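# Report on the structure
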Amino acid sequence: TDITGRKQAEEALRESEKRFRAIFENSAVAIGMIDRSGYWKEANAAFESMVGYSMREIFGMTNVDLTHPDDREMTRTYIDALVRGEMESVRVEKRYIRKDGGIVWVDLSVTPIRNDEGDIVAFVGVKTDITERKRVETLLRESEERFAYAIDASNEGLWDWNVPTGEAYFSPRYYTMLGYEPNEFPSNAAVWESMIHP
């Protein structure tokens, strides 16, 4: 029996697997795979570096084991939604607990892997470290809160005008000094100018 076609298909499959392995193992982006029960099946070097565990240590652990306690319920919810077919994929921001106890924030995309019958057999997740971005966002939020406290405590009206766009900012006290409720009139330079005494 001529098995040339079968041999060609097997060779193509081997080549495809080799390419996948090269991408998976050498990717700068963290990639991990869990089975339907949530147990880790595979993880690349970037993911190992991200969480501080080797793949040998990760085996036997579940996705939830590495997830920050505050994000565990969310993780279970989106996995359940994927299993039920309510979503084709999911993208979320979540936290992992590193081996050293540190926290790493990730932008995570999860996609189910299906067998020939269409049943979900695993999930693959691609993770980008956004810890630094989250740190900067926190610092910015804290800075804005301190600024707001300082303005409120000073009892001064403040306005800020972006000349190229015409957009303006008026502090709550600016409104009340003029007898208005905060945000009662639009924040733009034209309104500010219209309120100036002739």
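Above this text you will find the structure in question.
Rules and cut-offs
- The residue count restarts for each chain, going from 1 along the sequence in the order it is written.
- Reporting of local features is limited, given that this is a predicted model, to residues whose pLDDT is at least 70; pairs of side-chain atoms are given and counted only at 80 or more, and all residues count toward the totals for whole chains, interfaces and linings.
- Side-chain measures were taken over the full set of non-hydrogen atoms in the model, leaving aside hydrogen atoms and water.
- Helix and strand assignments come from DSSP, with helices taken as H or I runs of at least 4 residues and strands as E runs of at least 2, each series counted from the N terminus.
- The globule rule is 2.2 Å times the number of residues to the power 0.38, and the radius of gyration it is compared with is taken over C-alpha atoms.
- Relative accessible area decides the class of each residue, using a 1.4 Å probe on protein chains only: under 20% of the type maximum gives buried, over 50% gives exposed, and in between gives partly exposed.
- Two residues form a contact once any of their heavy atoms are found within 4.5 Å.
- DSSP-based pairing: two strands are paired if at least 2 bridges between them are found.
- Geometry is summarised by axes, namely lines fitted to C-alpha atoms with helices restricted to the contacting stretch, and by angles between N-to-C directions that run from 0 to 180 degrees.
- The criterion is simple. A nonpolar core is a set of buried Ala, Val, Leu, Ile, Met, Phe, Trp, Tyr and Cys residues joined through side-chain atoms within 4.5 Å.
- Cavity means a closed set of points on a 1 Å grid over the protein atoms alone, one where a 1.4 Å probe fits but cannot get out, pocket means an open set with protein on both sides within 12 Å along at least 5 of 7 lines, and lining means a residue has an atom within 4 Å of a point.
- Grid points are joined across faces, edges and corners, and a volume is the space filled by probe spheres set on the points.
- Here a helix's expected span is defined as the number of its residues, less one, multiplied by 1.5 Å.
- By arc we mean the arc of the directions from the helix axis to the C-beta atoms, nothing more.

## Details of the overall build of the protein
Helix and strand content of the protein: eight helices and seven strands. Against the 2.2 N^0.38 benchmark of 16 Å for 198 residues, the protein shows a C-alpha radius of gyration of 27 Å, more extended than a compact globule. Dimensions of the protein along its principal axes, counting C-alpha atoms only, are 100 × 40 × 30 Å. The buried share among the 198 residues of the protein stands at 29%. Long-range pairs, those at least 24 residues apart, make up 35% of the contacts in the protein with a sequence separation of at least 6.

## Some thoughts on the sheet that holds strand β4 (residues 103–114)
The five strands are arranged β2-β1-β5-β4-β3 in an open sheet whose pairing can be described as antiparallel. Edge positions in the sheet fall to β2 (40–43) and β3 (90–97), since each of these pairs with one other strand and no more. Within this sheet the neighbouring strands show an average axis-to-axis angle of 30°, counted without direction. Sheet analysis places β3 next to β4, joined by eight bridges and oriented antiparallel. Among the inter-strand pairings, R95 is bridged to a residue of β4, identified as W105. Sitting on the sheet, helix α5 (residues 72–83) touches β1 (30–35), β3, β4 and β5 (120–129), and the angle it makes with β3 is about 145°. Against the sheet, helix α6 (residues 131–154) contacts β3, β4 and β5, and its axis sits at roughly 130° relative to β4.

## Quick word on the nonpolar core
Within the largest apolar cluster, 25 residues are counted, with the highest numbers of intra-cluster contacts made by W40, F47, I58, Y78 and Y96. Counting residues in each nonpolar core, the second largest holds six residues, with F170, Y175, F185 and V191 among its members.

## Focus: empty space enclosed by the protein
Where empty space is left can be seen by rolling a probe of water-molecule size over the atoms. Summed over all chains, the structure comprises one cavity of 30 Å³ or more. Counted as a void, the largest cavity has a volume near 80 Å³. Around the largest cavity sit 13 residues that line it, and I34, N63, V110, G125 and K127 are the ones nearest its centre. Listed by contribution, the elements that provide at least two residues to the lining of the largest cavity are β1, α5, β4 and β5. Examining the composition of the lining of the largest cavity, we find that four residues originate from one element, β5, more than from any other.

## So, α5
Note: α-helices contain 3.6 residues per turn, so residues at a spacing of three or four share the same orientation. With 12 residues, α5 extends 17 Å between its outermost C-alpha atoms, agreeing within 8% with the 16 Å of an ideal straight helix rising 1.5 Å per residue. Among the residues making up α5, those that are buried are T75, Y78, I79, A81 and L82. For α5, the buried positions fall inside an angular range of 160° around the axis, keeping them on one side. At its buried positions, α5 is contacted by β1, α4 (63–66), β3, β4 and β5.

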